[in-house]
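The chain contents come next:
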Amino acid sequence: MMATKARTASSFSSKVRKRDTGEQGNWGEFAAMSRGEADIPIPAPHAEARPIIGEDSQIAASAQIEEGVRIGDGARIGEDVTIGAGVSIGEGVVIRDGARFGASTSIEDDASIGEGASVGERVTIRQGVVLQASSVLGDGVVLDEEVSVGEGARLGRNVRVEQSARIGAQVTIDEDAVLGEDSVLEDRSSIRHSSRVGDSVMIGKSTEIHAGSIVGSGARIGSRSRIEGTFGDELEVGPRSRLLGGSTWGDRVQIGDGVKVDVGASSRFADDTQLGDKTTLTAAEVAGELSTGEGVTIKGADGASELNETIAIGAGSTLDGAITLRDGTEIGESVQVHGPSGAHSDEVVTQIDGDCEVLDRAIIRSGARLGERTLVGSAAEIGRAVVTGAGTDICDRARIGDFSVINGSMIGEGVTVGHGAQTGYGAELGERSVIEDNAVIEPYARVEDDGYVPRGAVVTETPR
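Quantities reported herein were computed from a predicted structural model and do not represent experimental measurements.

1. A short note on the overall build of the protein chain
Then, in step 1: From N to C terminus, the protein chain includes two helices and 66 strands.
Then, in step 2: Every one of the 464 residues in the protein chain was classed for burial, and the buried ones make up 47%.
Then, in step 3: When the accessible surface of the protein chain is split by element, carbon and sulfur atoms take 43% of a total near 20500 Å².

Spelled out as structure tokens, the structure:
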């Protein structure tokens, strides 16, 4: 490197004047020109077009510096550096060998630019920024104070990175994306175009934020995950998770390890949603007020199923249909929620009203409608298009056939009810009883334990 003393606009002007007054006796011509008495125009000094170099700066002989560049005191510029026209370089800036800068870029005090870095036009690099070797900044990028950009990272046009953010090696941030203050992108992660990531966000290695996504402040996203949609503050996502489809999520959402969510953009997950490890959601629209045990299966239909208010789905459960889950959703480990099957043209919407409870390993088939306060016991099975009235209690291992109507009745353990059967309000079916297809149990009637009701029979009210 060679040391170069500061040169100012006034020093350039004095040199021009000395040359023009000339030792060859041309002062009279110069004076006449300046009075407008000559036809030859006077060239402007253009002092501002020349580089202005601060005191104690060191600039390698092979550096190429175009017109209008300003270099602050104590700057260090390495070999084969190219600095475009109109670039401003602050005090104490270090630019290592082979770096390139487009026109009209601004580099503020104490920034450090790594070897072979490439910086586009109209880029703003604020005080204390560290740009590692071979990193690339597109036109119009803004790096706020104390930002760090890792080796080989690539930032597209008009990206904005806010104060004290940390970007790892080989990170990609596409055009028009924003990364918030104090956020961290670990190595090989990527933020696709037009996405916005809030303050104090931690994004793990090899994770991808899809185009147009919004991630709120305070998020923690594990490694090798893929995220798409609009997410509120304090999102927590475990490693190897996939949240795709562009849905909207509330604040304080928690996603376990290896969760897969594939939903439509119209799907909405409310505040405090929790998805346990290995959950799978496919084309689901998420709503509440249901509690299920572990290993439950709920099958919806072509239309959107309705599960209103606070929902808790136990571990190992399966919800199959266009399931709607909202406020305060909690989904346990290994849960699967699939979209509408479309396999049956006569399927109707599965609906579960408020305060229902579904226990372990129960199965609810497509098109079922569970009324308020329905309780479905462990390993019970509810057939297709079954309707239950308010306060229905279906005990463990009971089986209810398709199209049956259970209206506020008590169905004992191990009961089998055929297809199209009906029970009235207050009816009781004793343990292990068998009710054949199309039988009718009238209100308040009772079938004893191990009882049998043949096909199409009617059981009238039992005296008490």
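2. Things to note about the environment of V123
Then, in step 1: In this structure, V123 sits in the loop between β13 (118-119) and β14 (124-125).
Then, in step 2: Placed 16 residues apart in sequence, V123 and I107 show a C-alpha to C-alpha distance of 8.2 Å.
Then, in step 3: Each residue touching V123, except ones within four places of it in the same chain, is listed here: T105, S106, L137, G138, D139, G140 and V141.

3. As for the nonpolar core
Then, in step 1: Grouped together as the largest cluster of nonpolar side chains are 98 residues, with contacts concentrated most on I95, F101, I125, L143 and L155.
Then, in step 2: For this core, the secondary-structure elements that each account for two or more residues are β44 (310-313) and β49 (356-358).
Then, in step 3: Every residue in contact with L155, bar those within four places of it in the chain, is listed here: V136, L137, G138, V141, L143, V149, V161, I167 and I173.

4. Focus: a negative patch on the surface
Then, in step 1: Among the surface-exposed residues, E55, D56, D73, E91, D110 and E146 lie close enough to one another that they form a single negatively charged patch.
Then, in step 2: Turning to its location among the elements, E55 is positioned in the loop between β2 (52-53) and β3 (57-59).

5. Examining the pattern of salt bridges
Then, in step 1: One pass over the structure, following the stated rule, counts 17 salt bridges.
Then, in step 2: For E108, the salt bridge is made with R126, and the minimal N-O distance between the two is 3.1 Å. Placement of E108 in the loop between β11 (106-107) and β12 (112-113) and of R126 in the loop between β14 and β15 (130-131) is noted, with a sequence separation of 18 residues between them.
Then, in step 3: In this structure, R432 and D450 form a salt bridge, with 2.8 Å as the shortest nitrogen-oxygen distance. Pair noted here: R432 is in the loop between β61 (428-429) and β62 (434-435) and D450 is in the loop between β64 (446-447) and β65 (452-453), with a separation of 18 residues, a long-range link.

6. With respect to unusual backbone geometry
Then, in step 1: At S104, a position not held by glycine, the phi torsion is positive, near 65 degrees.
Then, in step 2: Mapped onto the elements, S104 comes out in the loop between β10 (100-101) and β11.
Then, in step 3: The class for S104 is partly exposed, based on a relative accessible area of 46%.

7. Some remarks on the side chain of S183
Then, in step 1: In this structure, S183 sits in the loop between β23 (178-179) and β24 (184-185).
Then, in step 2: In terms of polar contacts, S183 uses its side chain to reach the backbone carbonyl oxygen of G180, at 3.3 Å.

8. A few points about the environment of R240
Then, in step 1: Note that R240 resides in the loop between β33 (236-237) and β34 (242-244).
Then, in step 2: Sequence spacing of R240 and S206 is 34 residues, and the spatial spacing of their C-alpha atoms is 9.7 Å.
Then, in step 3: Excluding residues that lie within four positions of it along the chain, R240 makes contacts with S223, R224, S225, D257, G258 and V259.

9. Considering the environment of E181
Then, in step 1: Checked against the element boundaries, E181 lands in the loop between β23 and β24.
Then, in step 2: Excluding anything up to four places from it in sequence, E181 contacts E162, Q163, D199 and S200.

10. Considerations on the packing of aromatic side chains
Then, in step 1: With the rule as written, the count across this model stands at two aromatic pairs.
Then, in step 2: Plain terms: the ring middles of F231 and W249 are 5.6 Å apart, the flat faces sit at 20 degrees to each other, and that makes the pair stacked. Of this pair, F231 sits in strand β32 (residues 230-231) while W249 sits in strand β35 (residues 248-249), and the two are 18 residues apart along the sequence.
Then, in step 3: Under the relative-accessibility criterion, F231 is labelled buried at 3%.

11. Quick word on the side chain of S404
Then, in step 1: Locating S404 in the fold gives a position in the loop between β56 (399-400) and β57 (405-406).
Then, in step 2: Among the residues examined, S404 registers a relative accessible area of 0% and is labelled buried.
Then, in step 3: Residues contacting S404, with those up to four places away along its chain left out, are A385, V386, V387, V417, G418, H419, G420 and A421.

What counts as what
- Residues numbered from 1 in each chain as written.
- Predicted model: local features only at pLDDT ≥ 70, side-chain atom pairs only at ≥ 80, totals over all residues.
- Heavy atoms only, no water.
- Helix = DSSP H or I, 4+ residues; strand = E, 2+ residues; numbered from the N terminus.
- Buried < 20%, exposed > 50% of the residue type's maximum accessible area, 1.4 Å probe, protein only.
- Areas by Shrake-Rupley, 256 points an atom, 1.4 Å probe, with all protein chains shown as cover.
- Contact = heavy atoms within 4.5 Å.
- Core = buried A, V, L, I, M, F, W, Y, C linked by side-chain atoms within 4.5 Å.
- Patch = residues over 30% accessible without salt bridge, like charges linked within 9 Å, V, L, I, M, F, W, Y side chains within 5 Å.
- Salt bridge = Lys/Arg side-chain N within 4 Å of Asp/Glu carboxyl O.
- Lys, Arg positive; Asp, Glu negative; His and termini not counted.
- Charge placed at Lys NZ, Arg CZ, Asp CG, Glu CD.
- Polar contact = N/O pair within 3.5 Å; in protein donor to acceptor, adjacent residues only side chain to side chain.
- Phe/Tyr/Trp six-rings, centres within 6.5 Å; stacked < 30°, edge-to-face > 60°.

Read these as layout, nothing more, since geometry by itself doesn't imply function.
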